[in-house]
Amino acid sequence: MLTLATTSPGEPEIFASLQGEGASLGRPSTFVRLSRCNLACHWCDTAYTWRFEGDNRPHKDALAFDRHANQLTLSENEVATRIRALSPDRLVITGGEPLLQGAALARLVALLPGMHVEIETNGTVAPHPALDHQVHQYNVSPKLSHSGNPADLALIPERLAAWAADPRAFFKFVVAGESDVSEVLALQQTYAIPGDRLFLMAEGRSPAELHARNRWLGDICLRHGLRFTDRLHIHLYGDTRGT
Ligand SMILES: C[S@@+](CC[C@H](N)C(=O)[O-])C[C@H]1O[C@@H](n2cnc3c(N)ncnc32)[C@H](O)[C@@H]1O
Ligand SMILES: Nc1nc2[nH]cc(C(=O)O)c2c(=O)[nH]1
Ligand code: SF4
Ligand SMILES: [Mg+2]
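Residues numbered from 1 in each chain as written. Chains lettered and ligands numbered in written order. Predicted model: local features only at pLDDT ≥ 70, side-chain atom pairs only at ≥ 80, totals over all residues. Heavy atoms only, no water.

Mapped onto this numbering, the UniProt entry gives "binding site: S-adenosyl-L-methionine" (unreviewed entry) at Trp-43, Cys-44, Asp-45, Gly-96, Ser-141, Pro-142 and Lys-143. As for the largest cavity, its lining draws on Trp-43, Cys-44, Asp-45, Gly-96, Ser-141 and Lys-143 from among the annotated residues. Among the structural elements, Trp-43 can be located in the loop between strand S4 (28-33) and strand S5 (71-74). Using a relative accessible area of 10% as the deciding quantity, one classes Trp-43 as buried. Ignoring anything within four residues of it in the chain, the contact list for Trp-43 reads Lys-143, His-146, Ser-147, Val-174, Glu-203 and Arg-205. Of the polar contacts made by the side chain of Trp-43, one reaches the backbone oxygen of His-146; its length is 3.4 Å. (UniProt positions renumbered as here; feature names shortened; annotations may be inferred. 1 Å grid on protein atoms, 1.4 Å probe; cavity = no way out; pocket = protein on both sides within 12 Å on 5 of 7 lines; lining within 4 Å. Helix = DSSP H or I, 4+ residues; strand = E, 2+ residues; numbered from the N terminus. Buried < 20%, exposed > 50% of the residue type's maximum accessible area, 1.4 Å probe, protein only. Contact = heavy atoms within 4.5 Å. Polar contact = N/O pair within 3.5 Å; in protein donor to acceptor, adjacent residues only side chain to side chain.)

Structure below.
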């Protein structure tokens, strides 16, 4: 069984969209958003997947959401059927923290032969071995101090070393200011992360917030030989569930 986030009560968050971030930006993909997280980033744009006391952002159905309505448990077969009903041959599994449900994800992906599988992860949890060999790409977003998480929970040295050594893993750091950039550069050096697999992405949940940071961030990427990624879905659809 898999526990998923919902777009509205009873509706699992499974949707087709353009991948909005990172190495696969612009590719048509089917997204599956799982519930629950082991971290608590204070700027998390999907806090409804784990902060069940309330929703942290305006939503037209906000009053209809409660701790039960925000998640839904479905069989791997049911989730696979819903994924097959959408046409993209690429699957992006996100959350919350999807690797918390690695064994069930391994069973899900086994039902979807031929799909290209990407996982969005905070990088703290080792992928279940039965899942790992079915994954084509990891989009790893380790959390810096501005996320509000304690470093001993957010930055796990053996995990960071393993991702750095895995050519399938692309790092994607959320950056809001100069001190975040210094933290990224220190991590890049410690773990010898190739610049070609390291993206900087502005913190922002609105086109205006992204616009205010993107020019500055682009210059930093150019200066340090890092890759820049926008958040395409925010520009196209805003901060809306199921997009
Ligand atoms: C909601 S997370 C889910 C996957 C996983 N928990 C993680 O953090 O990577 C998906 C992506 O959105 C990013 N993200 C979340 N809130 C954001 C914000 N306010 N601004 C920019 N990126 C954000 C995360 O860093 C991650 O790359
Ligand atoms: N279009 C779109 N692209 C995305 N890339 C990563 C996402 C995520 O929330 O993990 C995401 C998302 O929620 N929507
Ligand atoms: S790790 Fe990901 S899902 Fe969890 S709180 Fe941070 S951004 Fe949100
Ligand atoms: Mg998102």
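Moving on, there is more to tell.
Attention now goes to the site of ligand 2. Contacts to ligand 2 come from Ser-17, Leu-18, Gln-19, Gly-20, Glu-21, Phe-31, Arg-33, Thr-94, Glu-120, His-233 and Thr-243. Separating a nitrogen atom of ligand 2 from a side-chain N or O atom of Ser-17 is a distance of 3.3 Å. In the model, a nitrogen atom of ligand 2 is placed 2.8 Å from a nitrogen or oxygen of the Leu-18 main chain. For the shell around ligand 2, the residue count by class is two nonpolar, six polar and three charged. (Near = heavy atom within 4 Å. Nonpolar A, V, L, I, M, F, W, Y, C, P; charged D, E, K, R; others polar.)

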